[in-house]
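Coordinates in review
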Amino acid sequence: MDELYNPQKIEQEAQQYWEENNSFSVTEDPDKEKFYCLSMFPYPSGQLHMGHVRNYTIGDVISRYQRMRGKNVLQPMGWDAFGMPAENAAIKNKVPPAKWTYENIDYMRTQLKRLGFAYDWGRELATCQPQYYRWEQWLFTRLFEKGLVYKKSAAVNWCPHDQTVLANEQVVDGCCWRCNTPVIRKEIPQWFMRITDYAQELLDDLDKLKDWPERVLAMQRNWIGRSEGVEVYFEVPGHDQPLKVFTTRPDTLMGVTYMAVAAEHPLAREAAQGSEDITLFIARCETMDVSEASLETVEKLGMDTGLKAIHPVSGKDVPIYIANFVLMTYGEGAVMAVPAHDQRDWEFARKYDITIEPVVFPEDGSEPDLQQCAYVEKGVLRNSGEFNGLSSAKAFDAIAEYLEKAGKGQRQVHFRLRDWGVSRQRYWGAPIPIINCPACGPVAVPDTDLPVVLPEDVIVEGTGSPIKKMPSFYETTCPGCGGKAERETDTFDTFMESSWYFARYACADNDTAMLDERVNYWLPVDQYVGGIEHAILHLLYARFYNKLMRDIGLTEIDEPFNALLTQGMVLKDGSKMSKSKGNTVDPQALIDEYGADTARMFTMFAAPPEQSLEWSDDAVAGAHRFLKRLWKLGRSLHGEWAIDLEHASTANIPEAPYDWSNANEEQKAIRRKVHSHLRKANDDMERQQFNTVISAGMQILSTLTQPVPGHSGNSPEEVSQLGPVYKQIRHEGMSILLRMLAPIVPHIAHALWLKLGYSGVVISAPWPMVDTSALQLDEIEIVVQVNGKLRDRIKIPSDADNAAMEKRALASAKVQQHIEGKTIRKTIVVPGKLVNIVAN
RNA sequence: GCCGAGGUGGCGGAAUUGGUAGACGCAGUGGACUCAAAAUCCACCGGUUUCACAACCUUGAGGGUUCGAGUCCCUCCCUCGGUACCA
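No experiment lies behind these values; they were computed from the predicted model shown.

Description of the packing of helix 1 (residues 7-20) against helix 25 (residues 746-756)
- Between helix 1 and helix 25, the shortest axis-to-axis distance is 9 Å and the interhelical angle comes to 85°. By the criterion of interaxial angle, the relationship of helix 1 to helix 25 is roughly perpendicular. Where helix 1 approaches helix 25, its residues Ile 10, Glu 11, Ala 14, Gln 15, Tyr 17 and Trp 18 are matched on the opposing element by Pro 746, His 747, Ile 748, His 750 and Ala 751.
- For the contact of helix 1 with helix 25, the class distribution of residues is seven nonpolar, three polar and one charged.

So this is what it looks like as C-alpha cells:
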C-alpha cells in the first residue's frame, strides 16, 4: 500500500471505479424509497467557481448520505446555458455564443467530474439545445391558447447611443456600461405570463413547505405581498375615464390633498401639451433606470399638472401632480396621496407646499406633531364628515361601502406581485414561438413547426440581436391565413428554462413529449440545494411553472421542492465572489495542488452550509493535513493488520465481527468517545450541519491515534505490538469514521475502505450505527452555580435524582464558600446537567 | 427606500429546547526529532488583576425579562443578499 497520501492517484482510481460500474446511474424502482437531490444547475461561464464547488459538494454529501441510508438516489446535472455573458463574450472575442457556451460546458463538465460528484450523467441537459427549449415553446403556445400569456407595453432601459436595451446590471450610475451615455426609460410591447392568476395559490402553498428555511418563506410572502384595500375612482372633469387608485388605507381618504401620476400617464402627456416646463419635467423623469431600488431611493420630484381630480366623497378639487416615483407599468400608474398619514406623501407635500390634512388621530386623544413627520398609525377619524368618530378599522368598511354604493370604488385584494415579463430583446435565448400576422395578430407557432430553432452561426455586435437583422429567420407565413408574416425576434427570459429543468431530468431522453410518467416517480425533488440569491425570483417562477404544468396535466404535484437548503455566499474580502467583481478564486488550482477531497472537505468544514463562507487560502492546509493523518491510520491497519472479516464480507455489515467481552476500562473509554462522536455526527448530518460532522470525525481520528497506556508512540511498529482488543477498536473506529466521512471525502474513503478488508465498496455500505451500550457511564460531571455563576464541577452517579444532585452540590466546599452568610432562597436542578443555588 | 439574513478570541467557527461561552480547525508561541530545514509529533494559546489559589470582565452598542441570556423582548449601529432584464 502507498506510503504517502496521493490524492491525484486515489481519486482517479475511485472515479474510474464509479464510471466503469455506472455507480450513479439510476432508474425508477417502485420497491425502493426514492430520493431526488437537486443542486441548482450552473451557468456555463467558463470555469467553476468556489460557489459551485460549495453548492455541488453540499448536494453530493446529501445524495451520498441518503444512498447509505438505503434510498434510490437521483442526482442529475445540467447547464443553464442561455444568458447575457455569452453575448458579451461574443462581442469581445468575436466567437458565436453557441460555440463559446458549448466549449465552456465541455470544460466545466471535466471539472465537475474531477470533483467526483455522484451524478447520473446520462440525464445531462443544456437549456440551449433545441430538444430542450422546444418544450418550453410548446408549453408557451398552450398557455397562449389558455389566455395565460398576453402582450402589453412595459418599460426597459434604453441606451440611445448603442440603440439597445440594457439590463439593470448594465446600467451604472444611470449610464450605459459600455458608452457611458445616460440611459432612458422606454416603453415597448412585451409578452407577459399571468403569474398573478396564481398569486393566491403561490402564497397559500408556502404553508406546505415545511422543510424550507423560514427566511425564504418570509421573503416570498412579502414579495407576493397580499393586501386588502379599496380601488377608488377620482373623476377628472372633461375626461371619460376616472383616475383609479388603490389604497390599503381608505380610512384616510378624507385626508387626500393631491394625486400623483407617472410621467407616462395620459394625464401627464395631456398636461405637457403647451407647457414646456412639464415636457421638460417628463423628460427628466424618463432619464432614470427602471429598477425598484433606484426608484425608491431617488430624490422625489414632482410637478403640478394644473389638472384637478374630484374627491369622491367631499367633491373638492384635488390637484394632480406628476411624480418621478410613480411608474406607469405598476398598477394604474397613479396614486392618491395623504400627506398627514404617509411618510413619503408627507415629505413630498412639505417640499411642494401642499396642504397636510390630518384625519386620523391617536385613540388616547393626543395630538400628533405633523411638523415632525406623518402620523402613520391607525386611530380615530376626525375632519371626515359623516365618518367622524369611527376607528380606522370601522372607517375602512364604512368608506368602502360608501364608495361601492356610490359607484366610486370597490374593495379589492391587491398583490404586490406583478405579471412576469418574459420578453427579452436579446439573441442568446429561446425564440418566442409566436408569429405576428398583419391580418390575424399574434398567432402561436403550430406544434408541427416546433421547435423554432435559434440560428447559431451568427456574429453578435453591441447594437441589438442578430436575428432581428436576419430575414431568413423572421420572414415567414401566417399559420392561420397563409399570408406574409413575421416571427417574434425577442427571446425568452432565461428564468423560463430554469423553471422546469427539475422535471425534465426525470425523462431527459423523451423526444416526443415535454414530460412523461417517470416524473411521477421522481417528483417532487426531495432536496433542492442552491444559493440564497435565488430565494425569490427563481424559486417563485419554478413554483409557478410547476403549477402551470400540473394544470395542463403534465405533473401531479402542487409544489416541486419538498426541502430547500439555501447555501450562503462564498465571499472574498467581504463581498460576493463573482466574475463581475473580479474577486473569484479558481478552484482548479486547489484541486491540482491538494485534490478533490481537500477541496470538498475545506468547503464543508469552513462554515455551516447556510452561512456565508469567507475564502481563505491558508485554511485549506488543515483539511489536507487531516486527510494525511487519516491516510496514515488507514495504512497502519492494512496488510497483516487487516482484521479477519470472513463472516462480515459476505453480509457487508461492518458491525458484525467485533467481540468486546474482554475490553478493559481504558478500552471502553475509547469506544465511548468514538460512539459519542458518532452520535453527534448523526444528529448533525440530519440537520445538515456538515462542518460539525467533520469536527466529530477529527475527534474520532484523534481518539483512535492517541497513544495507549503502555505504549509511548504511535508508529506502525509500536502499533503492531498492540493487543487484539486495541486492534479491534481501531478497526471498528476506522470503519465508522470512513463511512461517516464517505459522503464528504468519497475518494479517500473508497480507497481506505477497500484496505479494511470488506468485499463491497463504501458507497454501498450502510451509514454507521451508534452502539448505545458503548455510551453507558457510571459517573457524570455536573455543573454547580451560585446565583447563576459557575462555581464548581462535581462528579455524581449517573442515576442520581434531583434531591441527590442538590445534596451533592451543597456539599461542595467551593459552593459553601460562596453562600457563606447568605440565605438559600431557591435551588434549581436541571437533571443530569446542573444545579443552581440562589442565595442572598 | 423596502424585504430577508448576519455580527462570538488574532482568524473560520461551536454551543441542537434559555442551563459549563470559545468544541474543531487555522494562525501564533514553546518543545521533541534533524548537521540544518521542511514534514511530522507533543504542549500552551480570550482579556484584566494575582507569586499562587483564585477573582473579575467578555458573544456589535445600549436597555429589559429571568434563578440563569450568545440564545427571548425593545432601541440603535455596521455588514451581506434580494429588489422583478446578472444568474
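Describing the nonpolar core
- By size, the foremost hydrophobic cluster in this structure holds 179 residues, and its most contacted members are Met 193, Phe 502, Met 549 and Leu 630.
- Ranked by the residues each element gives to this core, the list is headed by helix 24 (residues 724-741), at nine residues.
- Met 193 has contacts with Leu 143, Leu 148, Val 149, Asp 419, Trp 420, Val 422, Met 496, Phe 544, Tyr 545 and Leu 548, leaving out every residue within four places of it along the chain.
- In this structure, Val 230, Leu 243, Val 261 and Val 338 belong to the second largest nonpolar core, which totals 42 residues.

Examining the side chain of Asn 691
- Structurally, Asn 691 is set in helix 22 (residues 690-705).
- For Asn 691, the contacting residues outside a window of four places in its chain are Met 604, Phe 605, Ala 607 and Pro 608.

Some points on the pattern of salt bridges
- Applying the stated criterion across every chain, the model contains 46 salt bridges.
- Within the structure, one salt-bridge network assembled from shared partners comprises Glu 201, Asp 205, Lys 208, Arg 543, Lys 547, Arg 550, Asp 551, Asp 558 and Glu 559.

Section: the layout of surface pockets
- Here the second largest pocket is characterised by a volume of approximately 400 Å³.
- Lining the second largest pocket are 23 residues, and of these Gln 527, Ala 563, Glu 686, Arg 687 and Gln 688 lie nearest its centre.
- Counting residues per element, the ones that place at least two in the lining of the second largest pocket are helix 2 (50-68), strand 24 (525-531), strand 25 (561-567) and helix 21 (665-686).
- Here the residues of the lining of the second largest pocket are counted per class, giving 13 nonpolar, five polar and five charged.

Observations regarding the packing of aromatic side chains
- All told, the structure shown has 32 aromatic pairs when counted by the stated rule.
- An aromatic cluster of three or more residues is present, and its members are Tyr 198, Trp 420, Phe 495, Tyr 541, Phe 544 and Tyr 545.
- Residue placement shows Lys 113 over the ring face of Trp 121; its charged tip is 5.2 Å from the ring centre.
- The positively charged end of Arg 382 is found above the aromatic ring belonging to Phe 361, 3.7 Å away from the centroid.

Overview of the pairing of strand 20 (residues 441-444)
- One ladder, built from four bridges, connects strand 19 (residues 434-437) with strand 20; its direction is antiparallel. Residue pairing in the sheet places Cys 437 in a bridge with Gly 441 of strand 20.

Here we look at the protein's contact with RNA strand B
- Near RNA strand B you find 71 residues, and of these Glu 292, Arg 426, Ala 606, Arg 793 and Asn 836 are the closest.
- Sugar and phosphate atoms form 63% of the subset of RNA strand B atoms that lie within 4 Å of the protein.
- Between RNA strand B and Ala 606 there is a distance of 2.5 Å, counted from a sugar or linking oxygen to a backbone nitrogen or oxygen.
- Gln 689 places a polar side-chain atom, nitrogen or oxygen, 3.0 Å from a phosphate oxygen of RNA strand B.
- A breakdown of the residues in the surface near RNA strand B according to their chemical character gives 23 nonpolar, 22 polar and 26 charged.

A closer look at the sheet that holds strand 24
- Read from one edge to the other, the open sheet built from four strands follows the order 2-1-24-25, with strand pairing classed as parallel. Taken across any chain shown, the strands that pair with only one partner, and hence form the sheet edges, are strand 2 (72-74) and strand 25. Here the strands of the sheet are splayed against their neighbours by 20° on average, with no regard to which way each runs.
- Direction of pairing for strand 1 (residues 34-39) relative to strand 24: parallel, over a ladder of three bridges. Residue Ser 39 lies in a different strand from strand 24, and its bridge partner there is Val 529.

Observations regarding a negative patch on the surface
- A surface patch of negative charge is lined by Asp 778, Glu 779, Asp 799 and Asp 801.
- The topology assignment puts Glu 779 in strand 29 (residues 779-786).

Here's the deal with the sheet that holds strand 22 (residues 484-487)
- Within the open sheet, the four strands sit side by side as 20-19-22-21. Their pairing is antiparallel. The open sheet is flanked by strand 20 and strand 21 (475-477), the only strands paired with a single partner. Between one strand axis and the next, the sheet turns through 40° on average, direction left out of account.
- The strands touched by helix 5 (residues 130-146) within the sheet are strand 19 and strand 20, with strand 20 carrying the most contacts at an inclination of about 130°.

Observations regarding the confidence of the model for chain A
- Of the residues in chain A, 95% have a pLDDT of 70 or more, and the chain-wide mean is 92.
- Overall, residues 645-654 carries pLDDT values under 50, and its contacts beyond four positions in sequence, including any with other chains, amount to 22 contacts.
- Overall fold confidence (pTM) sits at 0.95, and the ipTM for the predicted complex is 0.96.

Considering empty space enclosed by the protein
- Inspection of every chain in the model, using the stated rule, returns two cavities of 30 Å³ or more.
- Counted as a void, the largest cavity has a volume near 190 Å³.
- Along its surface, the largest cavity is lined by 18 residues, and Glu 87, Thr 164, Val 165, Arg 426 and Gly 462 are the ones closest to its centre.
- Secondary-structure elements contributing two or more residues to the lining of the largest cavity are helix 3 (84-93) and strand 4 (164-166).
- The biggest single contributor to the lining of the largest cavity is helix 3, with four residues.
- A breakdown of the residues in the lining of the largest cavity according to their chemical character gives six nonpolar, eight polar and four charged.
- Approximately 30 Å³ is the volume found for the second largest cavity.

Section: the state of the cysteines
- All chains considered together, the criterion is met by zero disulfides.
- Free cysteine: Cys 481, not disulfide-bonded; nearest cysteine sulfur from Cys 437 at 3.6 Å.
- For Cys 481, a relative accessible area of 44% corresponds to the partly exposed category.

Focus: the pairing of strand 22
- Strand direction decides the pairing type here: strand 19 and strand 22, joined by two bridges, are antiparallel. Its bridge partner being in strand 22, Asn 436 is matched across the sheet by Glu 486.
- Two elements, strand 21 and strand 22, share three bridges in a ladder whose sense is antiparallel. Its bridge partner being in strand 22, Thr 477 is matched across the sheet by Lys 484.

Thoughts on helix 11 (residues 343-352)
- Residues of helix 11 that are buried: Asp 345, Trp 346, Phe 348 and Ala 349. Taken end-on, helix 11 shows its buried residues confined to a sector of 165°, consistent with a single buried face.
- Lining the buried residues of helix 11 we find strand 10 (258-261), strand 11 (302-310), strand 12 (317-323) and strand 13 (334-337).
- Between a side-chain oxygen at the N-terminus of helix 11 and the backbone nitrogen of Arg 344 the separation is 3.0 Å; the capping residue is Asp 342.
- Looking one or two residues past helix 11, Asp 353 carries a phi angle of roughly 55°, positive in sign.

What to know about the packing of helix 2 against helix 18 (residues 596-605)
- Helix 18 packs onto helix 2 with a crossing angle of 90° between their chain directions and a minimal axis gap of 9 Å. Taken together, the axes of helix 2 and helix 18 are roughly perpendicular relative to one another. Along its contact with helix 2, which presents Met 50, Val 53, Arg 54, Thr 57, Ile 58, Asp 60, Val 61 and Arg 64, the element helix 18 presents Ala 599, Arg 600, Thr 603 and Met 604.
- Partitioning the contact of helix 2 with helix 18 into residue classes produces six nonpolar, two polar and four charged.

Criteria and cut-off values
- Residues numbered from 1 in each chain as written.
- Chains lettered and ligands numbered in written order.
- Predicted model: local features only at pLDDT ≥ 70, side-chain atom pairs only at ≥ 80, totals over all residues.
- Heavy atoms only, no water.
- Axes fitted to C-alpha atoms, helices over the stretch in contact; angles between N-to-C directions.
- Helix = DSSP H or I, 4+ residues; strand = E, 2+ residues; numbered from the N terminus.
- Parallel < 35°, antiparallel > 145°, perpendicular 65-115°, else oblique.
- Contact = heavy atoms within 4.5 Å.
- Nonpolar A, V, L, I, M, F, W, Y, C, P; charged D, E, K, R; others polar.
- Core = buried A, V, L, I, M, F, W, Y, C linked by side-chain atoms within 4.5 Å.
- Buried < 20%, exposed > 50% of the residue type's maximum accessible area, 1.4 Å probe, protein only.
- Salt bridge = Lys/Arg side-chain N within 4 Å of Asp/Glu carboxyl O.
- 1 Å grid on protein atoms, 1.4 Å probe; cavity = no way out; pocket = protein on both sides within 12 Å on 5 of 7 lines; lining within 4 Å.
- Points joined across faces, edges and corners; volume = space filled by probe spheres on them.
- Phe/Tyr/Trp six-rings, centres within 6.5 Å; stacked < 30°, edge-to-face > 60°.
- Lys NZ or Arg CZ within 6 Å of the ring centre and 35° of its normal.
- Pairing = 2+ DSSP bridges.
- Near = heavy atom within 4 Å.
- Polar contact = N/O pair within 3.5 Å; in protein donor to acceptor, adjacent residues only side chain to side chain.
- Patch = residues over 30% accessible without salt bridge, like charges linked within 9 Å, V, L, I, M, F, W, Y side chains within 5 Å.
- Areas by Shrake-Rupley, 256 points an atom, 1.4 Å probe, with all protein chains shown as cover.
- Lys, Arg positive; Asp, Glu negative; His and termini not counted.
- Charge placed at Lys NZ, Arg CZ, Asp CG, Glu CD.
- pLDDT = per-residue confidence, 0-100.
- Disulfide = S-S within 2.5 Å.
- Arc of directions from axis to C-beta.

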